[in-house]
Amino acid sequence: MSDQKPDASRNFDFDLFVIGGGSGGVRAARVAASEHGAKVGLAEEDRYGGTCVIRGCVPKKLMVFASGYSGMAAEAQAYGWDIKPGTFDWLSFRKRLHGELDRLEAVYRKLLAGSGVETFDARAKIKDAHTVELSTGEVKTAKHILVATGGRPVRPDLPNADLGIVSDDIFHLEKLPKSILIIGGGYIACEFACILQGLGVEVTLYYRGAQILRGFDDEARGLVAESMRENGIDIHTGTNIVEMAREADRDVGTVPSNSDAAMGATPEQAGELNRHNAAAREGTQGPIWVKSTNGGEKVFDMVLFATGRTPMTQDMGLEDVGVSLGRGAEIEVDEYSQTGVPSIYAIGDVTNRVNLTPVAIREGMAFVQTVFAGNPTPVDHDLIPSAIFTQPEMGTVGMSEELARDTGPVEIYATSFRPMQTAFAEQNQRVMMKLIVCQETRVVLGCHIVAPNAGELIQLVGIAVKAGLTKEQFDATCAVHPTMSEELVTMRTPTRTA
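Keep in mind it's a predicted model, so treat the numbers as computed, not measured.

A. Summary view of the overall build of the protein. From N to C terminus, the protein includes 14 helices and 22 strands. Computed over its C-alpha atoms, the radius of gyration of the protein comes to 25 Å, within 12% of the 23 Å expected for a compact globule of 498 residues. Its C-alpha atoms give the protein principal-axis dimensions of roughly 75 × 65 × 45 Å. Expressed as a percentage of the 498 residues in the protein, the buried residues total 49%. Counting only contacts in the protein whose residues sit at least 6 apart along the sequence, the fraction spanning at least 24 positions is 67%. Charged side chains of the protein number 48 positive and 65 negative; the gap between the two group centres comes to 2 Å.

Put into structure tokens, the structure is as follows:
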């Protein structure tokens, strides 16, 4: 943290000006104003709530819930219920979804107003170390500036990439496609593959790597991949896209798929898939012909690029005032979220540290403690639990087996089995519980769960792992029976050592 202090001799319009109305920026603004009496301004060029509330975690999780109902009728029948499978009404769901997002945005606006934060519905650029210029022409000064602009999805550098959509567009489709190609193998790609498959879409996924969900525990991601394939998702690893074009612009034949495109839909009909934002989503006017790195050719109604995100630092004047950007356009900050310009701080995805909403919120709280409470508080990015909302879900905290075994001798406790609920219904779905234990200290270094509601489970296990509990302390806890999670306290013998 820099010892240089902002200019105290100047009279500023605000004590703090926040750029970005997402979860991190809003939390920092509210707490600084309501708990520390700071005069705070906040500018947001789009919708309040940011990526998580408007175009990320919240609408995605609601879609996860919606997609999960597709298999419930068959399961209920096994339990004696006379229930017949129905059809999914996308437009009815979308209307309710948008209504919920409108409600949540209104809540964010109300919370800011109630805390005394002055808001500006405008884009903000940094003019100097204490000045922001709004797209409305207004100029505001502040003792401190906090950048919390988040990130955005990117398309690959590929001719006709504009024909594809990105994750932001999913929530605005006028009609679900019959077939979709998803490019990417990260958690966003895999989550939407499971969601769309559950909603009745024929899903194909291309990923250039050897296995999806790179960076996560190998055994856990392997089970997720296996489950996705069993559910009907056509995963092609070691595969990428090299060409794409509107099928209407081509004169050659293509390999058909079970989609509207292959079954004779006209380009005009397929073009009705999405007209919410013609500039951003014109690519949904399929059918779209795709050629892959293995030479295969196929036609899809839609292509979704889930190939990464980039920090929103473009055209903000950051480098002009001395703020350093990294190779990925992220704002470089120290452990206190301070940039090289003492009066300018940054939190959340725009810094590309740990891109999770709860982390951005904690970074915002730490910033307020540091700047307004006189309590320098570094951000703790260690042992953060996270979940991937595939079907089944994956929850993870701490080290993977691969990472842990490179740090020293470890014991692996793992089990995979068919859970009672689905086994009774004669379904093949398997779950997995896994603990990584340091041989020397007996501390549980990591936990990985693949199971329904793994996100709920890992939040609780995360407390134990964060507290540094040992395997023997896990074992000393009485099991809750019958549950899937009881395996976490009943695995007595290591599956293997490494």
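B. Inspection of the pattern of salt bridges at higher detail. Scanning the model with the defined rule gives 29 salt bridges in all. Note that Glu105 is salt-bridged to Arg47, the shortest N-O span being 2.8 Å. One end of the pair, Glu105, is in helix α5 (residues 90–114); the other, Arg47, is in the loop between β2 (40–43) and α2 (50–55), and 58 residues separate them in sequence. A salt bridge links Arg442 to Glu472, with the nearest nitrogen and oxygen atoms 3.1 Å apart. Of this pair, Arg442 sits in the loop between β20 (431–438) and β21 (444–451) while Glu472 sits in helix α14 (residues 471–475), and the two are 30 residues apart along the sequence. Arg442 gets classed as buried once you look at its relative accessible area, which sits at 19%. With a relative accessible area of 40%, Glu472 lands in the partly exposed category. A network of salt bridges, in which partner residues are shared, links Arg47, Asp102, Glu105, Arg109 and Asp121.

C. How the structure looks around the sheet that holds strand β10 (residues 234–237). With parallel pairing, four strands are arranged side by side in an open sheet as β10-β9-β8-β14. Two strands in the sheet have a free side with no partner beyond their single neighbour: β10 and β14 (302–305). Strand-to-strand, the axes of this sheet are offset by a mean angle of 15°, without reference to chain direction. Looking at chain direction, strand β8 (residues 179–183) and β14 are connected through four bridges and run parallel.

D. Structural detail: unusual backbone geometry. Residues Gln391 and Pro392 are joined by a peptide bond in cis, for which omega reads 5°. Tracing the chain through its elements places Pro392 in the loop between β17 (386–388) and β18 (393–398). In this structure, the amide linkage connecting His481 to the following residue, Pro482, adopts the cis form with an omega of -5°. Counting through the fold element by element, Pro482 comes out in the loop between α14 and β22 (496–497). Of note in the backbone geometry, Asn352 takes a positive phi value of approximately 55° without being a glycine. Relative to the elements of secondary structure, Asn352 occurs in the loop between β16 (344–346) and α10 (357–372). For Asn352, a relative accessible area of 42% corresponds to the partly exposed category.

E. Structural context of the pairing of strand β5 (residues 131–134). For strand β4 (residues 124–128) and β5, the ladder comprises four bridges, and the chain directions are antiparallel. By the bridge assignment, Ala124 is partnered in β5 with Leu134. Two successive antiparallel strands, β4 and β5, enclose a turn made up of two residues. Across three bridges, the pairing between β5 and strand β6 (residues 139–147) is antiparallel. Within the sheet, the bridge partner assigned to Val132 lies in β6 and is Lys140. The antiparallel pairing of β5 with β6 creates a hairpin that spans four residues between the two strands, and Gly137 there sits at a positive phi of about 100°.

About the cut-offs
- Residues numbered from 1 in each chain as written.
- Predicted model: local features only at pLDDT ≥ 70, side-chain atom pairs only at ≥ 80, totals over all residues.
- Heavy atoms only, no water.
- Helix = DSSP H or I, 4+ residues; strand = E, 2+ residues; numbered from the N terminus.
- Rg over C-alpha atoms; globule rule 2.2 N^0.38 Å.
- Buried < 20%, exposed > 50% of the residue type's maximum accessible area, 1.4 Å probe, protein only.
- Contact = heavy atoms within 4.5 Å.
- Lys, Arg positive; Asp, Glu negative; His and termini not counted.
- Charge placed at Lys NZ, Arg CZ, Asp CG, Glu CD.
- Salt bridge = Lys/Arg side-chain N within 4 Å of Asp/Glu carboxyl O.
- Pairing = 2+ DSSP bridges.
- Axes fitted to C-alpha atoms, helices over the stretch in contact; angles between N-to-C directions.

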